[in-house]
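# Tertiary structure, described
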Amino acid sequence: MDRVALRGLKARGHHGVFQKEREEGQPFIVDLSLGLDTRPAAADDDLTKTVHYGIVAEEVVAIVEGEPVDLIETLAERIAQACLKHDGVREVEVCVHKPDAPITVPFDDVTVTITRSRV
């Protein structure tokens, strides 16, 4: 399976279990790896035979900026399901970064990574 990857998609969301997170929001970063067969698109040089990563990027940002959820696990699942709706995408790996998570000790990042595929 071939891969189309988007790294470092940035958006501000209001996700989290604490009221302050919901009110003030914080940055989220999303990395995606979409699994599909790119041979038909490459053979015909045809965008309609692959995934349009610009549209995927816009959809992912809209999800992050959209309806708040408590857990980044839930956010990752919503993103994965949106990606799998695209024709040709058979598998997706989603990594959601929450670099400003409310943790009381020094840290670089918090991430949740999931892999989903069509059944």
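Residue numbers restart at each chain and count upward from 1, following the sequence in its written direction. Residues qualify for local features only when their pLDDT is at least 70, as the model is predicted, and side-chain atom pairs are given and counted only at 80 or more; totals for whole chains, interfaces and linings, by contrast, use all residues. The basis for the side-chain values is all heavy atoms of the structure; hydrogens and waters are excluded.

As recorded in an unreviewed UniProt entry, the chain goes by the name 7,8-dihydroneopterin aldolase, listed as coming from Streptomyces fagopyri. UniProt positions are given in the numbering used here, feature names are shortened, and annotations may be inferred rather than shown by experiment. The chain has a UniProt comment under Sequence similarities (unreviewed entry) that states "Belongs to the DHNA family." Taken verbatim from the UniProt record of the chain, the Function (unreviewed entry) comment is "Catalyzes the conversion of 7,8-dihydroneopterin to 6-hydroxymethyl-7,8-dihydropterin."

Here we come to the nonpolar core. Residues Val-30, Leu-32, Leu-34, Ile-79, Val-94 and Val-96 are the most contacted members of the largest nonpolar core, which totals 28 residues. Counting from the N terminus, the helices are DSSP H or I runs at least four residues long and the strands are E runs at least two residues long. Put simply, the parts of the chain that give this core at least two residues each are strand S1 (2–13), strand S2 (26–36), helix H3 (53–65), helix H4 (72–84), strand S3 (91–97) and strand S4 (111–117). The element best represented in this core is H4, accounting for 7 residues. For Val-96, the residues in contact, after removing those within four places along its chain, are Phe-28, Ile-29, Val-30, Ile-72, Leu-75, Ala-76, Ile-79, Val-110, Thr-111 and Val-112. Each nonpolar core is a collection of buried residues, namely Ala, Val, Leu, Ile, Met, Phe, Trp, Tyr and Cys, held together in the definition by side-chain atoms within 4.5 Å. Burial status follows relative accessibility: with a 1.4 Å probe on protein chains alone, a residue under 20% of its type maximum counts as buried, one over 50% as exposed, and anything between as partly exposed. Contacts were defined at the residue level, with two residues in contact if any of their heavy atoms lie within 4.5 Å.

Here the focus is the environment of Val-110. Positionally, Val-110 belongs in the loop between S3 and S4. Sequence separation of Val-110 and Asp-100 is 10 residues, and the distance between their C-alpha atoms is 8.2 Å. For Val-110, the residues in contact, after removing those within four places along its chain, are Ile-72, Val-96, His-97, Lys-98, Ala-101 and Ile-103.

UniProt's entry tags residues 4–116 with the feature "domain: Dihydroneopterin aldolase/epimerase" (unreviewed entry), counted in the numbering of this structure. Secondary structure across residues 4–116 comprises 34% helix and 30% strand; the distance between its end C-alpha atoms is 15 Å.

In this structure, Asp-45 is a non-glycine residue whose phi angle is positive, near 50°. Tracing the backbone shows Asp-45 in the loop between helix H2 (39–44) and H3.

Below, the discussion takes up a nonpolar patch on the surface. Note that patches include only residues with greater than 30% relative accessible area and no salt bridge, and the join distances are 9 Å for like charges and 5 Å for nonpolar side chains (Val, Leu, Ile, Met, Phe, Trp, Tyr). In short, Shrake-Rupley with a 1.4 Å probe defines the accessible areas, and a residue's cover is counted only from the protein chains shown. A side-chain nitrogen of Lys or Arg and a carboxyl oxygen of Asp or Glu constitute a salt bridge if their distance falls within 4 Å. A cluster of nonpolar side chains, Val-17, Phe-18 and Leu-71, forms an exposed patch at the surface whose accessible area comes to about 290 Å². Relative to the elements of secondary structure, Phe-18 occurs in the loop between S1 and helix H1 (19–24). Taking relative accessible area as the criterion, Phe-18 reaches 47% and is therefore assigned partly exposed.

This next bit is on the packing of H3 against H4. As a rule, the C-alpha atoms of each element are fitted with a line to give its axis, helices using only the stretch in contact, and angles between N-to-C directions run from 0 to 180 degrees. For the pair H3 and H4, interaxial distance at closest approach is 10 Å and the crossing angle is 150°. It follows from the interaxial angle that H3 and H4 lie roughly antiparallel. Handedness of the H3/H4 crossing: right-handed. Residue-level contacts link Val-56, Glu-59, Val-60, Ile-63 and Val-64 of H3 to Leu-75, Arg-78, Ile-79, Ala-82 and Cys-83 of H4. Relative orientations are named as follows: roughly parallel for angles under 35 degrees, roughly antiparallel for angles over 145 degrees, roughly perpendicular for angles from 65 to 115 degrees, and oblique for any other angle. Helix crossings get a hand from a simple test, with the near helix turned counterclockwise from the far one by less than a right angle marking a left-handed crossing and a clockwise turn marking a right-handed one.

What follows deals with the state of the cysteines. Covalent bonding between the sulfur atoms of two cysteines is what defines a disulfide. Counting rule for disulfides: a pair of cysteine sulfur atoms within 2.5 Å. Counted according to the given criterion, the structure contains 0 disulfides. Free cysteine Cys-83: the closest other cysteine sulfur is in Cys-95, separated by 13 Å. Given the relative accessible area of 2%, Cys-83 is considered buried.

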